[in-house]
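# Coordinate inspection notes
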Amino acid sequence: MFQIQPGLPLVTAAAMRSAEAAAIAAGTPALTLMERAAQAAAHAILAHLPSRRATVLCGPGNNGGDGYGIAIALSAAGVAVTVAADAPPRREPAATMAARWTGPVVPLDAAPPAPLIIDALFGIGLDRPLDSASQRAIDRLRGHGRVVAIDIVSGLHADRGTALGQPLAAELTIAFAAPKAGHLLADGPRHSGRLAVVDIGVPVETAMMLIDRPRLIGPAPDAHKYDRGWVLMVEGKADHGGASSLAALAALRSGAGLVTIAGPGTHLPAMAVMRRDDEEAANLLNDRRLGSVIIGPGMLPDTRARGWLKRLTWAGKPLVIDAGALRLLAEEPVGAPSVLTPHEGEFTQMFGPIGDDRIAAVQKAASITDAVVLLKGPTTVIAAPDGRVAINTHNSPWLATAGSGDVLAGIIAALLAQGQPLFEAACAASWLHGDAGRRMGPGRIADDLIAILPEVLAGL
Ligand SMILES: NC(=O)C1=CN([C@@H]2O[C@H](COP(=O)(O)OP(=O)(O)OC[C@H]3O[C@@H](n4cnc5c(N)ncnc54)[C@H](OP(=O)(O)O)[C@@H]3O)[C@@H](O)[C@H]2O)[C@@H](O)CC1
Ligand SMILES: [K+]
C-alpha cells in the first residue's frame, strides 16, 4: 500500500500576489517582505555561487527592488557590486530599497560582464515580451558570467513558462515562498537551472502542486491478495496485444494482488495473470473485490469497445481510460470515476489545440469530462474536476518509447485498485513511472520499465 503525500505547493502569479496581499494585510509591511527576500537571496547566492564581483540587472518593478536589496547585502559581505538599471523603480517598496543603494549604477547598455550576473529585471509582473533595452543587456551578457535569476528568469511567463523574448538562462533560480508554475513548464526547465525556494514568511495556499515521492507502507501482515487490489484489463486487439500485456504486467509489478485480462485471446503475459472471456469478465464487474479496470491499450474503436464502455459506466468501478478508448469518449461518455491518460496527439483530438497554457487546457478538459485528466509529455500535467492541478517533473526522456504509456496505465490501475483516490493515484503513478524512466538507459524498452518497477518500489 502507498501513502501518497500532497505535493509541494506551486503558485501562479495571481496566487502569489494574493498570498503577498494577505501577508501585508496581516501586518507585515511590503518593504519588510522585500528586505527578507533580498537577505534570503543574498544568503543563497553566497552559499551556492560565491563570487568577488557581481553585476545586478535591476528592472522597474519590485523584482528590481529585490535586486537593489541584494546588491546592498552582497556588498556588505565584501562583493564588488555594480547595479545596471535605466531608471530606479518609482513604486514602493522598490523605490525605497533603490534609494538605499549608494554604490555604482550604470545604464543597462553599459552593464559590465562579471563572474556573477544577478538577473532582477522582471519577476512575476512580466506581462509582455522583454523591452529592447533589457533584451540588449541580456544579449550582451550572455556567456559572460554565471547567472542567478531572482524569483524567475526575466523573460519567462510566470504561469506558462513560455519565453517572452530571449531570456538569459540561469544556473540558479532563487524563488520566493514557492516555485512558480513557469519554472516547470515549457521553456522554464531549461532556463531556470537549479531551483532554490526561500522562505520569506508568506504562507501560500494553492490547489496546484509539484508531485512528490509517494511512500510505500507494504501490505498488512494478514493481507489477502484482494486487499492488494484486483485489476481487470480489457484486452485490445490481438495484434496490439502487447499493449494490454504491458499494462496488465505493470499493474501486477506495481503492487496489485491480482490481474485478470478480459478478452477472447490466448496470450498471457505472466503465469500470475488470469484470463476470462468478455462475458465472464462482465460478470466480474459485480464482484465488490474488483478494484479497477483499464480500457484502451491496443484497442480499436469498435463495437466491442463501445459495449465495454457502456458496461463500465453501469458498473461504476474506477477506470483508467487510455489510447483507443479515449477516441470513443466523444460518442460514448463514461459515467464512472475515471482517469484519462491522453498523450498530446490524443488530447488535441479530444479537446482541441493545447495552446500556450497547458495547465488551463488540462483543467478545462477535467471539467468538461468530469474526470481526472493526465496529459503525458516531458512535463506531465494532471488536473481534477475539483480544480486541483499537479505537475510531474520527475521524468525522463527515456520514457518516450513504445508501450511506455501502457505501463503508466497499469500503474495507475494498481493504485486505484488499492483504494487510492483518482487524483492521488494518477499523481503517484506518474512519479513512479518517471522514477522507472530515470533508471532506464540506451537500448531499454517498455518491458524493461516493468522489470525496473520492483527496484523503484524498493527505493521508496
Ligand atoms: N510576492 C511576494 O510576496 C514578494 C515579491 N517580491 C518580488 O516582487 C516581484 C514582482 O514585482 P512586480 O509585481 O512589481 O513585478 P515585476 O516582475 O518587478 O515587473 C513589473 C514591472 O515591470 C514592468 N514591465 C512588465 N513587463 C515589462 C516588459 N516586457 N518590458 C518593460 N517593462 C515591463 C511593469 O511596468 P508596467 O506594466 O507598469 O508598465 C512593472 O513596472 C516578484 O517577482 C518578486 O521578485 C519580493 O519583493 C518580496 C515579496
Ligand atoms: K528575474
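What counts and what doesn't
Residues numbered from 1 in each chain as written. Chains lettered and ligands numbered in written order. Predicted model: local features only at pLDDT ≥ 70, side-chain atom pairs only at ≥ 80, totals over all residues. Near = placed C-beta within 6 Å. Helix = DSSP H or I, 4+ residues; strand = E, 2+ residues; numbered from the N terminus. Nonpolar A, V, L, I, M, F, W, Y, C, P; charged D, E, K, R; others polar. Buried ≥ 20, exposed ≤ 12 C-beta atoms within 10 Å, placed from the backbone. Pairing = 2+ DSSP bridges. Contact = placed C-beta atoms within 7 Å. Axes fitted to C-alpha atoms, helices over the stretch in contact; angles between N-to-C directions. UniProt positions renumbered as here; feature names shortened; annotations may be inferred.

Before going further, it helps to examine the site of ligand 1. The local shell around ligand 1 holds 28 residues, among which E20, G61, N62, G123 and G125 are the closest. Within the residue set of the shell around ligand 1, elements represented by two or more residues are α1 (13–25), α2 (30–48) and α3 (62–76). The element that contributes the greatest number of residues to the shell around ligand 1 is α3, accounting for five residues. Looking at the shell around ligand 1 residue by residue, the classes come out as 14 nonpolar, eight polar and six charged.

Examined against the element boundaries, L46 turns out to sit in helix α2. The class for L46 is partly exposed, based on 15 C-beta atoms found within 10 Å. For the pair L46 and V79, spaced 33 residues apart in the sequence, the C-alpha separation amounts to 9.5 Å.

So, on to the sheet that holds strand β3 (residues 53–58). Read from one edge to the other, the open sheet built from seven strands follows the order β5-β4-β3-β6-β7-β8-β9, with strand pairing classed as parallel. Across the chains shown, the open sheet's two edge strands, defined by having one partner strand only, are β5 (105–106) and β9 (194–198). Pairing analysis gives five bridges linking strand β8 (residues 172–176) to β9, with the strands arranged parallel. Looking at the pairing, I174 lines up with A196 of β9. With respect to the sheet, α2 is in contact with β7 (146–150), β8 and β9, its orientation differing from that of β9 by roughly 140 degrees.

Quick look at unusual backbone geometry now. At the junction of E92 and P93, the peptide bond is cis and its omega measures out at 0 degrees in the coordinates. Relative to the helices and strands, P93 resides in the loop between β4 (80–84) and α4 (94–99). In the Ramachandran plot, A177 falls in the positive-phi region, its phi being about 70 degrees despite a non-glycine side chain. Within the secondary structure, A177 sits in the loop between β8 and α6 (181–184). For A186, which is not glycine, the phi torsion reads 45 degrees and is therefore positive. Within the secondary structure, A186 sits in the loop between α6 and α7 (188–192). Residue classification places A186 among the buried positions, given that 20 C-beta atoms sit within 10 Å.

Here we take up the UniProt feature "binding site: K(+)" (unreviewed entry) in the protein. Using the residue numbers shown here, the UniProt feature "binding site: K(+)" (unreviewed entry) corresponds to N63, D119 and S154. What stands out for the annotated residues spanning 92 residues is how close their C-alpha atoms remain, the widest pair being 9.3 Å apart. Mapping D119 onto the fold places it in strand β6 (residues 116–120). A residue is classified by how many C-beta atoms lie within 10 Å of it, and D119, with 31 of them, is buried. Of note, S154 is situated in the loop between β7 and β8. Residues in contact with S154, not counting those within four places in the same chain, are G59, D119, L121, F122, L126, L130, S134, A149 and P167.

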